Amino acid sequence: MTIAAPQENPVVTPAESASAGVTVGIPKETFAGERRVAATPDTAKKLQKLGFEVLVETQAGVGASFTDSAYEAAGCRIVPDAPSLWHAADVVLKVRSPQHHSHIDRHEVTLLKPSSTLISFIWPAQNPELLAQLAEQGGTVLAMDAVPRISRAQKLDALSSMANIGGYRAVIEAASNFGRCFTGQITAAGKMPPAKVMVIGVGVAGLAAIGAAKSLGAIVKAFDTRLVVKEQVQSLGAEFLELHFEEDGSGEGGYAKVMSPAFIAAEMALFAQQAKDVDIIITTALIPGKPAPLLITQEMVESMKPGSVIVDMAAEQGGNCEVTQPGEVIIHQGVTIIGLTDLPSRMASQASQLYGNNLVHLLSDLGGAENFSIDMADQVIRATTVIHNGQVTWPPPKVEAPAPDPSASSAPPAAEEIPTAKSPLSKILWPLLLGGVVVAIGLWAPASFITHLTVFVLASFLGWKVIWDVSPSLHTPLMSVTNAISGIIIIGGMLQISGDITSPMTILGAIALFLGTVNIAGGFMVSQRMLNMFHK
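Everything quoted here is computed from the prediction, not taken from an experiment.

Asks: It is not clear to me how the packing of aromatic side chains should be interpreted in this structure. Could you clarify?
Replies: Geometry of an aromatic ring pair is reported as the spacing of the ring centres plus the angle between the planes. Tallied over the full model, the rule gives six aromatic pairs. On the basis of an interplanar angle of 75 degrees and a centroid distance of 6.5 Å, the ring pair of phenylalanine 66 and tyrosine 71 is categorised as edge-to-face. Neither phenylalanine 66 nor tyrosine 71 differs from the other in exposure class; each is buried. Judged by centre distance (5.2 Å) and plane angle (85 degrees), the rings of phenylalanine 223 and phenylalanine 271 are edge-to-face. Taken as a pair, phenylalanine 223 in strand 12 (residues 219-223) and phenylalanine 271 in helix 9 (residues 261-275) lie far apart in primary sequence, 48 residues in all. Phenylalanine 223 sits in the buried class, given a relative accessible area of 2%. Three or more aromatic residues link up through ring pairs in this structure, and these residues are Phe121, Trp123 and Tyr355. Sitting above the plane of the phenylalanine 31 ring, arginine 96 keeps its charged end 4.0 Å from the centroid.

If you want it as structure tokens, here you go:
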């Protein structure tokens, strides 16, 4: 049902919204080319289950293929214009930060009520003027880009949600501009080699790009200054390009940190070498609060093969490629450089669904409609809130590590054990006893026993030496060798068994036969398990 009202009065009056409880408004995005919407019909139902009344500006979801009738079927109320929606809403959910609204010739900041709450991407570090305008207007603002990167806040992490979509879309854009297939093929008409893809920056976007490129059949290489992502790259079937430096790029919040000049020089040399070999480069490298680092120089671009593609996912922050033009797709000496800044928006339906779910989780943590409040004592809410009741609260205070327990530090230190000095006699006691045993055996044991003992000692020493020098990674294949040795033991045990079951030789032969059989069976089982690991 579309609400009609005179121009001078909003569609829903404050009294009506108060009687209906807390109202959530979903305006149409005004940023040029933005097709996402802050709530889909599916997430709108979830908001209603939390007790919110949902108002949607007409045509707000059309860019993401969500019609007004779909919102109406989900129980939402359609509002004809932006001023009516902002005036009626207690909580406004947006994707992009407030922009100048060309249709009404007003900035969206001026539409925010002092008593309302705005939740959207704000980027306070990059937009200090916008932050000041919002604070002057009053109200409370939560920035989805300020959600802390901790385990408890993963369900609210809209940056990761959008990066996941963006990484996948980057591969699709690369494939669209690449003149060959990603997967290698052998046909009657000829052979096609697989495409070679290098991903720089293995965050959420990088991992999504690796997965998409591998699924299309490309040979994928990846680089990151954080060595902790090596196993993640390898688990996706890609090759991790590693510099042998005793320096790790892991920074706060899962981002990379600025590296030393020596490390940067080494990685630039690596990129220059790889640029001549690969067909597609996808860059995702960003450092919070700073321009995107320059990773691909113009010289590297010109060294790439004609028809190659570069997708610069950091284009909006200046770009990782020297020749990137933000928002444009250009060709530089036969190499296509994609600097699109709206990759998630190009998959608007899926991106809106994920972003809408992030907002639902946030509003749930805020208490839903019944207990809606901004709990500044909550670490996640405090970090996300950039303006509270007209006061700028960004940046949030750093969480300090808990002070050590004084009672634990006051405990008396444990007495150190003072090693007792060994007497010189104890150092030669065991060699003397062992020598005495050997002399006794040589004096009273029969000649045949001496021969067998000599063979046993030499075999034990040789076996220990052989197994000890084998790498632990080869211990399982070594089972095949021990099976052969156990087979000899079994044959020897069978030859010693006679008709007299009480004979010591028969008993020892039976024991050797049993133990050798167990060793052979176990060796085959372990070897089989190892071989099964290589079966697809």
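Having seen the model, we can carry on.
Asks: Honestly, unusual backbone geometry in this entry has me stumped. Any pointers?
Replies: Leaving glycine out, the prevailing phi sign among residues is negative, and the prevailing peptide bond configuration is trans. At the junction of tryptophan 394 and proline 395, the peptide bond is cis and its omega measures out at 0 degrees in the coordinates. Residue asparagine 389 is not a glycine yet carries a positive backbone phi of 55 degrees. Within the element layout of this structure, asparagine 389 appears in the loop between strand 18 (385-388) and strand 19 (391-392). For asparagine 389, a relative accessible area of 56% puts it in the exposed group.

Asks: Is there a simple way to explain the pattern of salt bridges in this structure?
Replies: Two side chains with opposite charge may pair up if their charged atoms get near one another. Scanning all chains against the criterion turns up 19 salt bridges. Among the ionic pairs, glutamate 34 bridges to arginine 96, the shortest N-O distance being 2.8 Å. Of the two residues, glutamate 34 sits in the loop between strand 1 (23-26) and helix 2 (41-49) while arginine 96 sits in the loop between strand 4 (91-93) and strand 5 (100-101), which places them 62 residues apart along the sequence. Exposure remark for glutamate 34: the relative accessible area of 9% places this residue in the buried category.

Asks: Just to check I follow, could you spell out the sheet that holds strand 17 (residues 335-338) for this structure?
Replies: Adjacent strands of a sheet pair through backbone hydrogen bonds, lying either parallel or antiparallel. With mixed pairing, seven strands are arranged side by side in an open sheet as 13-12-11-14-15-17-16. Two strands close off the open sheet at either side, each with one partner strand: strand 13 (239-241) and strand 16 (329-332). Put simply, the sheet's adjacent strands are angled 20 degrees from each other on average, direction ignored. The pairing of strand 16 with strand 17 spans four bridges and is antiparallel.

Asks: Would you mind going over the nonpolar core with me for this structure?
Replies: Most often, soluble globular proteins keep nonpolar side chains buried together rather than apart. Counting residues in each nonpolar core, the largest one holds 43 residues, and the members touching the most others are Ile26, Leu93, Ile119, Met144, Tyr355 and Leu363. Contributing elements (two or more residues each) for this core: strand 1, helix 2, strand 2 (53-57), strand 4, helix 6 (158-177), helix 11 (348-365) and helix 12 (379-384). Contacts of isoleucine 119, omitting those with residues within four sequence positions, involve Val91, Val92, Leu93, Lys94, Leu142, Met144, Tyr355, Leu359, Leu362, Leu363 and Leu366. Judged by nonpolar contacts, the second largest core, of 29 residues, contains Val171, Phe178, Ala195 and Val202.

Asks: What am I meant to see in the UniProt feature "transmembrane region" (unreviewed entry) in the chain here?
Replies: Under the UniProt annotation, the feature "transmembrane region" (unreviewed entry) is placed at residues 197-220, 428-444, 450-468, 480-499 and 505-526. The distance separating the terminal C-alpha atoms of residues 428-444 is 25 Å; by composition the span is 100% helix and 0% strand. Each end of residues 505-526 is marked by a C-alpha atom, and these two atoms are 31 Å apart; helix forms 100% of the span and strand 0%.

Asks: I keep staring at a nonpolar patch on the surface and nothing clicks. Help me out?
Replies: Judged by side-chain polarity, Ile507, Leu508, Ile511, Phe514, Leu515 and Val518 come together as a nonpolar surface patch covering roughly 600 Å² of accessible area. Looking at where valine 518 falls in the secondary structure, it is placed in helix 17 (residues 504-532).

Asks: I tried to follow the pairing of strand 17 on my own but got confused; where do I start?
Replies: Moving residue by residue along a regular strand, the side chains alternate between the two faces of the sheet. Burial along strand 17 is two-sided: the residues Val335 and Ile337 and Thr336 and Ile338 are all buried. Inspection of the sheet shows strand 15 (residues 309-312) paired to strand 17 by three bridges, in the parallel sense. Directly across from valine 311, in strand 17, lies its bridge partner isoleucine 338. A loop of two residues connects strand 16 with strand 17, the two strands running antiparallel in sequence, and glutamine 333 in this loop sits at a positive phi of about 50 degrees.

Asks: I tried to follow the pairing of strand 15 on my own but got confused; where do I start?
Replies: Here strand 15 shows no split at all, with Val309 and Val311 on one side and Ile310 and Asp312 on the other all buried. Of the strand pairs in this sheet, strand 14 (residues 280-283) and strand 15 are connected by four bridges, and their pairing is parallel. In the sheet register, isoleucine 281 faces strand 15, and the bridge partner there is isoleucine 310.

Asks: What exactly am I supposed to notice about the sheet that holds strand 3 (residues 77-79) here?
Replies: Read across the sheet, eight strands follow the order 3-2-1-4-7-8-18-19 without closing on themselves; strand pairing throughout is mixed. Each edge of the open sheet carries a strand with a single partner, namely strand 3 and strand 19. As defined by bridge partners, strand 4 adjoins strand 7 (residues 117-120) across three bridges and the pair is classed as parallel. Residue leucine 93 lies in a different strand from strand 7, and its bridge partner there is isoleucine 119. Helix-sheet contacts for helix 11 involve strand 1, strand 4, strand 7 and strand 8 (140-143), and the interaxial angle to strand 7 is about 140 degrees.

Asks: Hey, could you run me through helix 11 in this one?
Replies: Note: α-helices contain 3.6 residues per turn, so residues at a spacing of three or four share the same orientation. The end-to-end C-alpha separation of helix 11 is 25 Å, in line with the 26 Å expected for 18 residues at 1.5 Å each. Every buried residue belonging to helix 11 is among Ala348, Ala351, Ser352, Gln353, Tyr355, Gly356, Asn357, Asn358, Leu359, Val360, Leu362 and Leu363, and all of these are buried. Looking one or two places after helix 11, you find glycine 367, whose phi comes out positive at around 105 degrees.

Asks: Mind showing me how you'd approach the packing of helix 2 against helix 11 here?
Replies: When two helices pack together, their arrangement is given by the angle between the helix axes and by the axis-to-axis distance. The geometry of helix 2 relative to helix 11 is characterised by a closest axis approach of 9 Å and an angle of 10 degrees between their N-to-C directions. The angle between helix 2 and helix 11 falls in the class roughly parallel. Side by side, helix 2 and helix 11 meet where Asp42, Thr43, Lys46 and Leu47 of the first sit next to Gln353, Gly356, Asn357, Val360 and Leu363 of the second. For the contact of helix 2 with helix 11, a count of residues per class yields three nonpolar, four polar and two charged.

Asks: What am I meant to see in the side chain of threonine 117 here?
Replies: Among the structural elements, threonine 117 can be located in strand 7. Once residues lying within four places of it in the same chain are set aside, the contact partners of threonine 117 are Asp90, Val91, Val92, Thr140, Leu142 and Phe372.

Calculation notes
- Residues numbered from 1 in each chain as written.
- Predicted model: local features only at pLDDT ≥ 70, side-chain atom pairs only at ≥ 80, totals over all residues.
- Heavy atoms only, no water.
- Phe/Tyr/Trp six-rings, centres within 6.5 Å; stacked < 30°, edge-to-face > 60°.
- Buried < 20%, exposed > 50% of the residue type's maximum accessible area, 1.4 Å probe, protein only.
- Helix = DSSP H or I, 4+ residues; strand = E, 2+ residues; numbered from the N terminus.
- Lys NZ or Arg CZ within 6 Å of the ring centre and 35° of its normal.
- Salt bridge = Lys/Arg side-chain N within 4 Å of Asp/Glu carboxyl O.
- Pairing = 2+ DSSP bridges.
- Axes fitted to C-alpha atoms, helices over the stretch in contact; angles between N-to-C directions.
- Core = buried A, V, L, I, M, F, W, Y, C linked by side-chain atoms within 4.5 Å.
- Contact = heavy atoms within 4.5 Å.
- UniProt positions renumbered as here; feature names shortened; annotations may be inferred.
- Patch = residues over 30% accessible without salt bridge, like charges linked within 9 Å, V, L, I, M, F, W, Y side chains within 5 Å.
- Areas by Shrake-Rupley, 256 points an atom, 1.4 Å probe, with all protein chains shown as cover.
- Expected span 1.5 Å × (residues − 1).
- Parallel < 35°, antiparallel > 145°, perpendicular 65-115°, else oblique.
- Nonpolar A, V, L, I, M, F, W, Y, C, P; charged D, E, K, R; others polar.

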